[in-house]
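Residue-level listing of the chains:
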Amino acid sequence: TVGEAVPATQRGSWSSFLKSIASFSGDLSSLTAPPFILSPISLTEFPAYWCERPELFAAIADAKTDEDRMLAVLKWFISTLKDQYTSRNESMGSEKKPLNPVLGELFYAYWPDKNNRGKTNLLVEQVSHHPPITAYYISNPSKGLSLQGHNAQKTSFSGGSIIVKQVGHATLSVLLPSGGTEEFLITLPRLRIDGLWYGSPYIELTESSYIQSSSGWLSTIEYKGKGYFSGKSHSFKALVTPPGSSSPAHTVEGTWHQTSKDVKTGRAFHDVTGAKEEATVADVEAQGEWESRRLWRGVARGIREGDFETASREKSKIENEQRQRRKDEAAAGTKWQLKHFAHVDSDPTYEKLGKLFKASPPTEDAYVFQHNPPFADMSTTTTEVAK
Ligand code: HCR
């Protein structure tokens, strides 16, 4: 029966929600969903998943050759997937509908220096509301590493599942001992949200994603669910090819939420069965009014405490305030100014590195982190992140 995992009183609204997504394509975040599926966490917090294993990010800087650097980047990337795509199932019982960030919403966090890994900083800004686009900048200055990217989604419905095409990409920049920089273009996998019928959604990754280095090394990662390479959910196979060659120097196989190994050597490659490390975030009281947890405080409390009337009242307040802001801007002929990012129609790194593996599309826009933002008018958290 529909909605086995849905509280009895919400089964009707779950069926209606499923019907509306079946006949809908576009911005899923704008659809009203029943309370049991709501998450108290905003999408602006999601870029933290890139760094919940900060020592693997830092390890990229320690690699000595182009080949080893590509393997270190691949290992870090694969190790983020469990946190990116299955962590809500662990923490909340199933995938949930995150809070839809408002334009200008901010999220700042960091992972402290430990065991010589350096401090990792995260800065996120919601750069568009309709469609939702989230831009982020992650840096480990003492290791010479920075990751910049943005994320939007195009959704459609097929065979009882929601298909999510991720729009956007990330670029990783690594400062080399020679003083030069190596760049990596990271594209994002396609998602299928299964388990909708029962009311317990979960993600499976599909198709391929790529990591292309400016050194010429390329990782092609193929994602498969049950019944393919290993017959297991969350399976992947990564082919690592040297510059100008299509025959892989390394093939890595396994399940991205568990472990994998190098097929030729039989050596273990990644292992995420151990604990991840949550980012340090300032107390809500110390946050600025645009910071995610402060902004959504009332809604999040309502969702967590099962007080959905309060949650929806608080959400309406935020939405009305936003609507008024947009009206005022239109009346004044002004436009919302981004705080940390500048939009470019075509990302030169994407264009240059995308050519090497015939990326589709051949160009993509980007949000470029502005290195000298006006930190003076921001909260203490921001100043901390800037260091
Ligand atoms: C599709 C999704 C919003 C976007 C989320 C993204 C793609 C965001 C970027 C992160 O790096 C990775 C990521 C992980 C999430 O799995 C993905 C979300 C899953 C559900 C959510 C929909 C907008 C909500 C659909 C409502 C369902 C659960 C009924």
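Residues numbered from 1 in each chain as written. Predicted model: local features only at pLDDT ≥ 70, side-chain atom pairs only at ≥ 80, totals over all residues. Heavy atoms only, no water.

S.K.: Mind laying out the site of the ligand, listing which residues take part and the relevant values?
M.R.: Looking at the ligand, there are 19 residues lining it, with Gln84, Arg88, Glu95, Gln166 and Ile203 nearest. One of the side-chain nitrogen or oxygen atoms of Gln84 is found 2.6 Å away from an oxygen atom of the ligand. The side chain of Glu95 places a nitrogen or oxygen atom 3.3 Å from an oxygen atom of the ligand. When isolated, the ligand has an accessible area of 610 Å², and the protein chains bury 96% of it. Here the ligand is seated within the largest cavity. The biggest single contributor to the shell around the ligand is helix 3 (residues 66-92), with three residues. (Near = heavy atom within 4 Å. Polar contact = N/O pair within 3.5 Å; in protein donor to acceptor, adjacent residues only side chain to side chain. Areas by Shrake-Rupley, 256 points an atom, 1.4 Å probe, with all protein chains shown as cover. 1 Å grid on protein atoms, 1.4 Å probe; cavity = no way out; pocket = protein on both sides within 12 Å on 5 of 7 lines; lining within 4 Å. Sits in = over half its atoms within 2 Å of the grid points. Helix = DSSP H or I, 4+ residues; strand = E, 2+ residues; numbered from the N terminus.)

S.K.: I'd like a description of the side chain of His234, backed by residues and values.
M.R.: Note on placement: His234 falls in the loop between strand 12 (218-224) and strand 13 (235-241). Of the residues examined, His234 reaches a relative accessible area of 10% and is grouped as buried. Residue contacts for His234: discarding those within four places in its chain leaves Thr86, Ile203, Glu204, Lys224, Gly225, Gly254, Thr255, Trp256 and His257. (Buried < 20%, exposed > 50% of the residue type's maximum accessible area, 1.4 Å probe, protein only. Contact = heavy atoms within 4.5 Å.)

S.K.: Which residues make up empty space enclosed by the protein, and what values go with them?
M.R.: Here the structure, examined in full by the defined rule, presents four cavities of 30 Å³ or more. Volume-wise, the largest cavity comes out at about 800 Å³. Considering the residues around the largest cavity, the lining is formed by 40 residues, among which Leu43, Phe46, Pro98, Gln153 and Leu191 are closest to the centre. Listed by contribution, the elements that provide at least two residues to the lining of the largest cavity are helix 1 (11-22), helix 3, strand 2 (97-99), strand 5 (133-140), strand 6 (145-158), strand 7 (161-167) and strand 10 (190-194). Ranked by the residues each element gives to the lining of the largest cavity, the list is headed by helix 3, at five residues. (Points joined across faces, edges and corners; volume = space filled by probe spheres on them.)

S.K.: Would you mind going over helix 6 (residues 308-332) in detail, with residue names and values included?
M.R.: An ideal rise of 1.5 Å per residue puts 36 Å on 25 residues; helix 6 measures up with 36 Å between its terminal C-alpha atoms. Listed in full, the buried residues belonging to helix 6 are Thr310, Ala311, Ile318, Gln322 and Glu329. Lining the buried residues of helix 6 we find helix 4 (292-295) and helix 5 (297-305). Remark: Gly333 follows helix 6 within two positions and exhibits a positive phi of approximately 65 degrees. (Expected span 1.5 Å × (residues − 1).)

It is worth stressing that arrangement in space is one thing and function is another; only the former is reported here.
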